[in-house]
Amino acid sequence: AYIPVVARTKGANSTNFVSDLTVVNTDVVEDLDVNAYFTPDGSSNFFAAHMLIPAGRTREFSDVVANTFAGQDGSGWILLDLSHPRALVTSRTYNLQPTGTYGLGVSSRPGDAIASGEQRALLQHWKSGYRVNVGLTEVSGTASNVTIDAYDELGRRTSTRSVILRPFEHVQLD
């Protein structure tokens with residue numbers, strides 16, 4: 001399983017993005033061993049960590065990029081080598097501000113979310129003055145060419161962008 005995007009980075013307009021990771025061991029008898037690998041944006045190098053989740057317990061890894069992966073900064077993705085089929089994993093990436101937080105939950109994904117040659121539609125709410133980011137993560141170990149077409153509310157193509165992803169690379173398009 002993988003979490004397609006995690007961060008500990010400053011963004012546009014004084015934003016400060018942080019990700020927390022939550023791992024649940026639903027097995028009430030056996031402990032859960034998890035090997036996790038963080039791959040930063042623009043790199044095929046990774047940082048490894050081992051996580052032990054006691055039987056029937058939940059562990060939260062706050063600010064997972066900085067606190068679990070040797071104090072790294074930046075954004076990227078996490079591969080989780082789960083030893084048990086009853087493991088549940090989710091994350092939250094949010095803008096940490098003195099007045100509070102806002103962000104999104106990102107669930108774990110299977111390793112074959114979009115296969116070669118497949119097409120997917122991603123619906124995005126758009127409003128004048130808003131901006132949209134798109135994150136892409138290559139998880140198979142093979143370079144991939146991804147084409148993104150943007151359409152307006154009338155179905156007219158407004159732009160096209162192609163991105164070549166190296167093996168295990170994550171990129172964010174602003």
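Summarised in this report is the structure supplied together with it.

Parameters at a glance
Residues numbered from 1 in each chain as written. Predicted model: local features only at pLDDT ≥ 70, side-chain atom pairs only at ≥ 80, totals over all residues. Heavy atoms only, no water. Pairing = 2+ DSSP bridges. Helix = DSSP H or I, 4+ residues; strand = E, 2+ residues; numbered from the N terminus. Salt bridge = Lys/Arg side-chain N within 4 Å of Asp/Glu carboxyl O. Contact = heavy atoms within 4.5 Å. Phe/Tyr/Trp six-rings, centres within 6.5 Å; stacked < 30°, edge-to-face > 60°. Buried < 20%, exposed > 50% of the residue type's maximum accessible area, 1.4 Å probe, protein only. Polar contact = N/O pair within 3.5 Å; in protein donor to acceptor, adjacent residues only side chain to side chain.

## Quick notes on the pairing of strand β4 (residues 47-53)
A regular strand places its side chains so that they alternate between the two faces of the sheet.
(1) Moving on: As judged from the seven bridges shared by strand β3 (residues 32-40) and β4, these two strands associate in the antiparallel manner. Directly across from Y37, in β4, lies its bridge partner A48.
(2) Moving on: In this structure, the hairpin formed by β3 and β4 is closed by a connection of six residues, where G42 is found at a positive phi of approximately 70°.

## Digging into the pattern of salt bridges
(1) Moving on: If you walk through the whole model with that rule in mind, you get four salt bridges.
(2) Moving on: With a closest N to O distance of 3.4 Å, R166 and E169 form a salt bridge.
(3) Moving on: Connected through shared salt-bridge partners, R8, D63 and D73 make up one network.

## Side note on the environment of G105
(1) Moving on: Topologically, G105 is positioned in strand β8 (residues 100-107).
(2) Moving on: Each C-alpha atom of the pair G105 and T93 lies 6.4 Å from the other, and the pair is 12 residues apart in sequence.
(3) Moving on: Among all residues touching G105, those that are not within four sequence positions of it are S91 and R92.

## Examining the packing of aromatic side chains
(1) Moving on: Using the criterion set out here, one finds four aromatic pairs in the structure.
(2) Moving on: Measuring from centroid to centroid gives 6.0 Å for Y2 and W77, while their planes differ by 90°, and the two rings are edge-to-face. Of this pair, Y2 sits in strand β1 (residues 2-10) while W77 is found in strand β6 (residues 74-82), placing the two residues 75 residues apart along the sequence. Side by side, Y2 and W77 carry an identical accessibility label, which is buried.
(3) Moving on: Ring pairs connect the aromatic residues Y2, W77 and F168, which therefore count as one cluster.

## Quick look at the environment of S62
(1) Moving on: Tracing the chain through its elements places S62 in the loop between β5 (58-61) and α1 (64-68).
(2) Moving on: Spatially, the C-alpha atoms of S62 and V18 are 8.6 Å apart, while their sequence positions differ by 44 residues.
(3) Moving on: Of note is the side chain of S62, whose polar atom sits 3.3 Å from the side chain of E60.

So, to be careful, I would describe these as geometric facts and stop short of saying anything about function.
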